[in-house]
Amino acid sequence: MKKKLISLVLIAACVFSMAACGSDNGTTGESGDTAGQTSDAGESDAEDASEDGSSEGGTLIMATNAEFPPYEYHDGGEIVGIDADIAQAIAEELGMTLEIEDMAFDSIITAVSSGKADMGLAGMTVDPDRQKNVNFSDTYATAAQVIIVKEDSAIVGPDDLVGKKIGVQLGTTGDIYAEDIEDAELERYNKGMEAVQALQQGKIDAVVIDGEPAKVFVSENEGLKVLDEPLTEEEYAIAIAKDNDELLEKVNTALATLKDSGKLDEIVAKYISADE
Ligand code: ARG
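Note that the coordinates shown come from a computational prediction; the quantities given were computed from them, not determined experimentally. (Residues numbered from 1 in each chain as written. Predicted model: local features only at pLDDT ≥ 70, side-chain atom pairs only at ≥ 80, totals over all residues. Heavy atoms only, no water.)

Draft legend 1. Region of the structure containing the sheet that holds strand β3 (residues 72-75). Taken in spatial order, the three strands of this open sheet run β2-β3-β4, and their pairing is antiparallel. Pairing within the sheet leaves two strands with one partner each, and these edge strands are β2 (67-68) and β4 (78-80). Two strands pair when backbone bridges link them, and β3 and β4 are joined in this way by three bridges, in the antiparallel orientation. When the bridges of β4 are listed, D75 appears paired with E78. (Pairing = 2+ DSSP bridges. Helix = DSSP H or I, 4+ residues; strand = E, 2+ residues; numbered from the N terminus.)

Draft legend 2. Local environment of the pairing of strand β10 (residues 185-189). As defined by bridge partners, strand β9 (residues 165-169) adjoins β10 across five bridges and the pair is classed as parallel. Within β10, the residue paired with G167 across the bridge is E187.

Draft legend 3. Here's a closer look at the side chain of T125. Note that T125 resides in the loop between β6 (119-120) and β7 (134-136). In terms of polar contacts, T125 uses its side chain to reach the side chain of E234, at 2.5 Å. Sequence-distant contacts of T125, defined by excluding residues within four places in its chain, comprise R130, F136, T173, D210, E234, E235 and Y236. (Polar contact = N/O pair within 3.5 Å; in protein donor to acceptor, adjacent residues only side chain to side chain. Contact = heavy atoms within 4.5 Å.)

Draft legend 4. Examining the layout of surface pockets more closely. In this structure, the second largest pocket encloses a volume near 290 Å³. Considering the residues around the second largest pocket, the lining is formed by 17 residues, among which T142, A143, A144, E212 and K215 are closest to the centre. The element that contributes the greatest number of residues to the lining of the second largest pocket is strand β8 (residues 141-150), accounting for five residues. (1 Å grid on protein atoms, 1.4 Å probe; cavity = no way out; pocket = protein on both sides within 12 Å on 5 of 7 lines; lining within 4 Å. Points joined across faces, edges and corners; volume = space filled by probe spheres on them.)

Draft legend 5. Spotlight on the packing of aromatic side chains. Inspection of every chain in the model, using the stated rule, returns four aromatic pairs. Look at Y71 and Y236: their rings are 5.0 Å apart centre to centre, the planes differ by 85°, and that puts the pair in the edge-to-face class. Of the two residues, Y71 is situated in the loop between β2 and β3 and Y236 in strand β13 (residues 232-236); the sequence distance between them amounts to 165 residues. Of the two residues, Y71 and Y236, both sit in the buried class. Judged by centre distance (6.4 Å) and plane angle (55°), the rings of Y140 and Y236 are tilted. Here Y140 is found in the loop between β7 and β8, whereas its partner Y236 is found in strand β13, with 96 residues between them in sequence. Grouping residues by exposure puts Y140 and Y236 together as buried. Aromatic rings pair up to connect F68, Y71, Y140 and Y236 into one cluster. (Phe/Tyr/Trp six-rings, centres within 6.5 Å; stacked < 30°, edge-to-face > 60°. Buried < 20%, exposed > 50% of the residue type's maximum accessible area, 1.4 Å probe, protein only.)

Draft legend 6. Representation of helix α9 (residues 263-271) within the structure. All of the buried residues in α9 are L264, I267 and Y271. Along the long axis of α9, the arc covered by the buried residues comes to 65°, so they all point the same way. Of the residues in α9, the exposed ones pointing more than 90 degrees away from the buried face are D265, E266 and A269. Elements that come into contact with the buried residues of α9 comprise β3, β4, α3 (82-94) and α8 (245-261). (Arc of directions from axis to C-beta.)

Draft legend 7. Structural view of the packing of α3 against α9. In contact at an axis separation of 9 Å, α3 and α9 are set at 155° when each is read in the N-to-C sense. The orientation of α3 relative to α9 falls into the category roughly antiparallel. Note on packing geometry: the crossing formed by α3 with α9 is right-handed. Where α3 approaches α9, its residues I82, D85, I86 and A89 are matched on the opposing element by K263, L264, I267, V268, K270 and Y271. (Axes fitted to C-alpha atoms, helices over the stretch in contact; angles between N-to-C directions. Parallel < 35°, antiparallel > 145°, perpendicular 65-115°, else oblique. Left-handed = near helix turned anticlockwise from the far one by under 90°.)

Treat this as a map of the structure, not an account of what it does.
The following block contains the structure:
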């Protein structure tokens, strides 16, 4: 009987030591958690850098929709334009490497708010609805929604858009404003250029789009003109995730530097000639 008791104790001790062995595993797990906490603590820049080795400061991912000259468009295999150059200059200020991701315009806010991209630069207008999902940097350009029509059109100003067939790029402020035009029928396109081509083919009566791309599209498509009177005045800014105040601050500081040094004007002048 006594012997049995002893062997039971031995078994118990054995089981205990296995448990102790298990707690070693626990220790390993704990150190794993610690590593997790480190990245939670916001040292992702340093981590990115060590992961891809591309730059000391890591990668800065810009989400855009490169269908919007002169702000962003494809040139050969590259995405170029005012926003691409501004983003590059900001990345340089922050000691980071810029990566551009091209996507549908109406995916940009989600890409930024979900952390898939660090910032959205897409000739994006500061808009209260968008501000529910992202923060905006200080503004870097003023813009306007304008109307493109055929050269011989009877539409001469915003009031004439009532009851007309209007083309817009899906999810843009042009889309939002045109929605409020009385009895207007909206045609939404994935690219502004597609709306302009539909206008040229007589499928729609007018296109509502930002002023600078409007000039480019009209210069590339015969028989069209931009009306003098704009529909709205707007401002462009950079979209950044709501929880990334650190980046917002850095981007605003970089923007201020680019404004003060004249670099921002230089970038704009490279793509927009002053006499236009
Ligand atoms: N400014 C307009 C907006 O914010 C149009 C921007 C379109 N940009 C682009 N890259 N497609 O809605």
